Structures are given as structure tokens and as C-alpha cells.
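A structural walkthrough
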Amino acid sequence: MEIELVEFYPDIKRFKKRPRIGTVHIFLEEIGMDIRGIECYLTEKKQMFFKLPYKKGKDEEGNLATYPVINFIDIKKFEQVKEFLHQNAIPYIKENYSSTLDKALKTTENRKRK
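Fair warning: this is a prediction, and the values are worked out from it, not measured in the lab. (Residues numbered from 1 in each chain as written. Predicted model: local features only at pLDDT ≥ 70, side-chain atom pairs only at ≥ 80, totals over all residues. Heavy atoms only, no water.)

1. Describing the sheet that holds strand 2 (residues 20-28)
- Here we have four strands laid out as an open sheet, ordered 1-2-3-4, and antiparallel in their pairing. If you trace the sheet from one side to the other, it starts and ends with strand 1 (3-13) and strand 4 (48-51), each paired once. Averaged over all pairs of adjacent strands, the angle between their axes in this sheet comes to 30°, without regard to strand direction.
- Across seven bridges, strand 2 lies against strand 3 (residues 33-42) in antiparallel orientation. (Pairing = 2+ DSSP bridges. Helix = DSSP H or I, 4+ residues; strand = E, 2+ residues; numbered from the N terminus. Axes fitted to C-alpha atoms, helices over the stretch in contact; angles between N-to-C directions.)

2. Overview of the packing of aromatic side chains
- Tallied over the entire structure, the rule returns four aromatic pairs.
- Consider the rings of F8 and Y97, whose centres lie 5.0 Å apart with planes at 65°: the pair is edge-to-face. With a gap of 89 residues between them, F8 in strand 1 and Y97 in the loop between helix 1 (75-96) and helix 2 (98-113) connect regions that are remote in the sequence.
- Aromatic side chains F72 and F78 sit 5.9 Å apart centroid to centroid with 40° between the ring planes, which places their arrangement in the tilted category.
- The class for F78 is partly exposed, based on a relative accessible area of 24%.
- Each member of the aromatic cluster is reached from another via a ring pair, and the members are F8, Y92 and Y97. (Phe/Tyr/Trp six-rings, centres within 6.5 Å; stacked < 30°, edge-to-face > 60°. Buried < 20%, exposed > 50% of the residue type's maximum accessible area, 1.4 Å probe, protein only.)

Rendered as C-alpha cells:
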């Protein structure tokens, strides 16, 4: 499946466990689909991981829940997207947005000190 990395949008947000450093926009050429808002997080060990777009809501019992906005029926296509993000988006972000990564790491270090 042909996948294009359109852009990374830096936007550091502080969360309890780790900072979100921005979002990724990809284009799936085979099916003509834009996926925006793929969240990119940075762990304390300086590793990046991604979350596909989701919405927060409540389940039938009123408990907080998260619901995927995009769901791949074909698990192989989902695996291709994950692999693409790790092989292409991570090096792109490291090369072009190193100052964003530095800010996010400082955010994490400041949080540890408190």
C-alpha cells in the first residue's frame, strides 16, 4: 500500500505520563484517504509512539471510554501504517523538528523534578 507522509505538526501538550509532541498527517494513496491528527508521544526513554485519531466519550454504563475514529478491518493494512510511521515519520521528525523534541524532553524532566 502506498503511503505518503504529508506533514508533522508540532504542538507540545503536557499529560500526566508523557508529552504529546504533535500530530502527523498521512495520505493512503491506494484508497484516497487522508488521515490527520495521528498523535505522536515521546516516552521518558526518548522513544516515539503514535495513536490513531480517537474520540473520548462514555460507555453504556456512563464510564469514560475512548472510541476509534478510524478502524482498519484489514489488520495487514493497519500494520503497514504502523510500520510506515515508525520507519518514516520518526526519522522525519527527528531530522526536521529536533527543537520540538528538546522542548518536550525538558517538559518531561521538569515534571520529574516536581
